[in-house]
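Letter by letter, the chains look like this.
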Amino acid sequence: MKKSTVAKWIIASVAATAVVAFVAGVAFELRAIKKLTVDIDNDEEPQAEDLVEEAAEEVVEEEAVEA
């Protein structure tokens, strides 16, 4: 084989390895982001109705203390 052919094969293999590593890294990051998003979404957040009920109860308690 000629030196230029060997050089082309080396460059092609390095480029292919870089592409595979990049794709694997992106897939890993997307999986990590998805996992974080799923974990965050599974946490129960207070609903507006619950907050209104709690605020109403606090007002009633404050009025009872003042009276």
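All of these numbers come straight from a predicted model, not from anything done at the bench.

Asker: Give a detailed account of a negative patch on the surface, specifying residues and quantitative values.
Answerer: Where like charges cluster on the molecular surface, the negative patch consists of Glu49, Asp50, Glu53, Glu54, Glu57, Glu58, Glu61, Glu62 and Glu63. Counting through the fold element by element, Glu58 comes out in helix H2 (residues 48-66). Classification of Glu58 as partly exposed rests on a relative accessible area of 48%.

Asker: So what's going on with a nonpolar patch on the surface? Residues and values would help.
Answerer: Residues Val19, Phe22, Val23, Val26, Leu30 and Ile33 make up a contiguous nonpolar surface patch of about 580 Å² in total accessible area. Within the fold, Ile33 resides in helix H1 (residues 3-42). For Ile33, a relative accessible area of 47% puts it in the partly exposed group.

Calculation rules
Residues numbered from 1 in each chain as written. Predicted model: local features only at pLDDT ≥ 70, side-chain atom pairs only at ≥ 80, totals over all residues. Heavy atoms only, no water. Patch = residues over 30% accessible without salt bridge, like charges linked within 9 Å, V, L, I, M, F, W, Y side chains within 5 Å. Areas by Shrake-Rupley, 256 points an atom, 1.4 Å probe, with all protein chains shown as cover. Salt bridge = Lys/Arg side-chain N within 4 Å of Asp/Glu carboxyl O. Lys, Arg positive; Asp, Glu negative; His and termini not counted. Charge placed at Lys NZ, Arg CZ, Asp CG, Glu CD. Helix = DSSP H or I, 4+ residues; strand = E, 2+ residues; numbered from the N terminus. Buried < 20%, exposed > 50% of the residue type's maximum accessible area, 1.4 Å probe, protein only.

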